[in-house]
Amino acid sequence: MAALLTSRLHGASGVCFPGCDCFMQDFNCINQGFNITMLSAAIETVPDNVASVAMIGNNVPDVDAFLFWRPHAHLRRFKFSNNRIETLNSFTFANLQSVHDLSLDNNRIVSAGSNLFRNVPNLLSLNMSRAFSSISTTDISAIFSGTELTSIRTLDLSFNGLNDIATSNTKHVFCWMPQLEELMLSYNNLHALNFDPKCVKTIHWLDLSYNNIHYLSLSDMQLLDNLDMTLDISNNPFSCDCYGKAFIQWLQNGDPYRLLNWRNKHEMVCHLATPNSFEGLSLFDVNADLLECPVLKSSLHSGSTSWGIIITVLISVVLLTGLVYKYRWGIYYASYKMYFRMHRRNYQKIGVTFTDPVNEVVEFEV
């Protein structure tokens with residue numbers, strides 16, 4: 001018992017910060033609801049020989065200053081998860097040069113400084129799953145670009161609602177991570193890979209499951225043909241039609257020299273198909289020669305609407321013509337009377353008297 005008590009780690013003041021747990025080389029403040037002032041005060045008491053710090057379950061929306069005001073040469077792991085973080089700046093992670101494992105998962109980040117991780121160059125693993133409330137491709141590029149994360153091996157960006165991970169202007173984002181081996185992008189809204197081939201050669205595990213991929217483009221297929229990796233693109237809404245035919249043929253007729261391995265291939269199935277009898281079938285079992293182009297419902301609806309308008313107009317014209325013909329004499333008489341009265345007024349202005357003609361017209365019923 002004495003040995004256990006002496007192994008208890010205390011803060012810099014000799015006493016563990018209230019609400020935190022200090023033991024061996026771990027300093028944990030979990031589910032305490034600290035605001036930024038309390039959290040900063042707790043971090044200030046972290047001893048220099050600590051290897052792991054966990055600040056989890058607090059309430060610090062704006063982290064706009066240094067968290068660690070002095071270097072911690074022995075600190076290897078920093079968990080900064082589930083803290084309702086909305087804002088980070090470029091100096092948030094200063095003095096963390098020795099950290100290998102950084103977790104920012106389950107936050108609400110909407111704004112982060114550029115080159116956010118420039119002060120943690122020795123990162124091996126970065127967990128940003130569910131880290132963002134909203135994030136754009138440009139923001140992702142700004143966070144990583146210019147930061148030489150030469151040691152990072154694992155990056156988790158899953159569950160962030162990303163629509164695109166790389167555009168023509170930002171596709172070099174992974175070039176800043178020359179040793180990256182595992183990239184998790186599942187549960188986003190990605191439609192394509194669009195990576196720079198030079199930047200992903202070291203990746204051995206790529207998770208793109210549960211995105212919005214209907215089929216891979218020719219450029220994406222050419223990229224994967226030259227990579228030695230395990231790929232998971234299961235549970236995407238694959239389209240089995242003429243547009244996805246090339247992708248399905250590429251899957252089924254694999255190059256014997258291709259080094260690509262599929263994870264969860266049994267969950268790669270047709271979401272929409274033409275013909276629809278292929279829906280639910282594995283992409284590896286579909287007869288690609290029978291795939292057809294879908295007839296867009298919007299086109300059918302637009303066409304039927306146009307024909308409906310044309311037919312309605314024609315019927316209206318026919319009915320109106322019939323009514324005019326049937327009552328032509330009444331229409332003629334009413335027009336004649338109106339014409340006569342207008343001219344009579346004009347004559348009366350110059351003093352000419354005018355007598356109405358016989359006000360009877362025989363109307364024939366046809």
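Residues numbered from 1 in each chain as written. Predicted model: local features only at pLDDT ≥ 70, side-chain atom pairs only at ≥ 80, totals over all residues. Heavy atoms only, no water.

## Section: the overall build of the protein
Tallying secondary structure elements over the protein gives 7 helices and 16 strands in all. In the protein, buried positions account for 39% of the 366 residues. Summing over all exposed atoms, the protein offers an accessible surface of approximately 20,200 Å²; the carbon and sulfur share of this is 56%. (Helix = DSSP H or I, 4+ residues; strand = E, 2+ residues; numbered from the N terminus. Buried < 20%, exposed > 50% of the residue type's maximum accessible area, 1.4 Å probe, protein only. Areas by Shrake-Rupley, 256 points an atom, 1.4 Å probe, with all protein chains shown as cover.)

## Remarks on the pattern of salt bridges
Enumeration over the complete set of coordinates arrives at 6 salt bridges. Salt-bridge contacts for Asp101 lead to Arg77; the nearest nitrogen and oxygen are separated by 3.7 Å. In this pair, Asp101 is assigned in strand E7 (residues 101-103) and Arg77 in strand E5 (residues 77-79), connecting sequence segments 24 residues apart. Given a relative accessible area of 35%, Arg77 falls into the partly exposed group. Among the salt bridges present, the one from Lys198 reaches Asp196, with a minimum N-O distance of 3.2 Å. (Salt bridge = Lys/Arg side-chain N within 4 Å of Asp/Glu carboxyl O.)

## What about the sheet that holds strand E13 (residues 230-232)?
Read from one edge of the open sheet, 11 strands run E1-E2-E3-E5-E7-E9-E10-E11-E12-E13-E15, paired in mixed fashion. Edge strands, defined here as strands with exactly one partner in the open sheet, are strand E1 (21-23) and strand E15 (261-262). Note that E1 and strand E2 (residues 26-30) share 3 bridges and pair antiparallel. Bridge assignment links Asp21 to a residue of E2, and that residue is Asn28. (Pairing = 2+ DSSP bridges.)

## Points about the pairing of E2
Here E1 folds back onto E2 in antiparallel fashion, the turn holding 2 residues, of which Met24 has a positive phi close to 55°. Judged from the 5 bridges that link them, E2 and strand E3 (residues 52-56) form a sheet pairing that is parallel. In the sheet register, Phe27 faces E3, and the bridge partner there is Val53. After leaving E2, the chain enters helix H2 (residues 36-44) and then returns to the sheet as E3, a path that is right-handed. (Right-handed = clockwise from strand over helix to strand, strands pointing away.)

## Looking at the confidence of the model for the protein
Across the protein, the average pLDDT comes to 84, with 81% of residues at 70 or higher. Every residue in residues 1-8 scores below 50 in pLDDT, and together they form 6 contacts with partners more than four places removed in sequence or on other chains. Low pLDDT, under 50, characterises residues 358-364; the predicted model gives this stretch 5 contacts beyond four residues in sequence or across chains. (pLDDT = per-residue confidence, 0-100. Contact = heavy atoms within 4.5 Å.)

## Focus on the packing of aromatic side chains
This structure, assessed with the given rule, holds 13 aromatic pairs. Seen in terms of ring centroids, Phe68 and Phe78 are 5.2 Å apart; in terms of plane orientation they differ by 85°. Their pairing is edge-to-face. Taken together, the positions of Phe68 in the loop between strand E4 (62-63) and E5 and Phe78 in strand E5 put the pair 10 residues apart, joining distant regions of the chain. Residues Phe68 and Phe78 agree in their burial class; the two are buried. By the ring-pair criterion, three or more aromatic residues cluster together here, those being Phe238, Phe247, Trp250 and Trp262. Its guanidinium or amino end placed over the ring of Trp205, Arg263 lies 4.6 Å from that ring's centre, counting from NZ or CZ. In this structure, Lys265 packs its charged tip against the face of Phe284, placed 4.4 Å from the ring centre. (Phe/Tyr/Trp six-rings, centres within 6.5 Å; stacked < 30°, edge-to-face > 60°. Lys NZ or Arg CZ within 6 Å of the ring centre and 35° of its normal.)

## A look at unusual backbone geometry
The linkage connecting Thr274 with the following residue, Pro275, adopts the cis geometry, with an omega of 5°. Within the secondary structure layout, Pro275 lies in the loop between strand E16 (270-273) and helix H6 (297-326). With phi around 50°, Asn115 is a residue other than glycine that occupies positive phi space. Position of Asn115 among the secondary structure elements: in the loop between strand E8 (111-112) and strand E9 (125-127). By relative accessible area, which is 22% here, Asn115 ends up partly exposed. One non-glycine residue, Asn264, lies in the positive phi region at around 60°. Here Asn264 is to be found in the loop between E15 and E16.

## Examining the sheet that holds strand E6 (residues 87-88)
Pairing between the strands of a sheet comes from backbone hydrogen bonds, and it takes one of two forms, parallel or antiparallel. Here we have 3 strands laid out as an open sheet, ordered E4-E6-E8, and parallel in their pairing. The open sheet has two edge strands with one neighbour each: E4 and E8.

## A short note on the nonpolar core
Counting 86 residues, the largest nonpolar core has Phe80, Phe93, Phe117 and Phe144 as its most contacted members. Looking at this core, the elements that each hand over two or more residues are E2, H2, E3, helix H3 (137-144), helix H4 (218-225), strand E14 (238-240), helix H5 (245-252) and E16. No other element matches H5, which puts 4 residues into this core. Not counting chain neighbours up to four residues away, the residues in contact with Phe117 comprise Phe93, Leu102, Leu104, Leu123, Leu126, Met128, Ile143, Phe144, Thr147 and Leu149. (Core = buried A, V, L, I, M, F, W, Y, C linked by side-chain atoms within 4.5 Å.)

## Thoughts on the side chain of Ser282
You can see Ser282 is positioned in the loop between E16 and H6. By relative accessible area, Ser282 is classed as buried at 15%. Apart from the residues within four sequence positions on either side, Ser282 is in contact with Lys265, Met268 and Val269.

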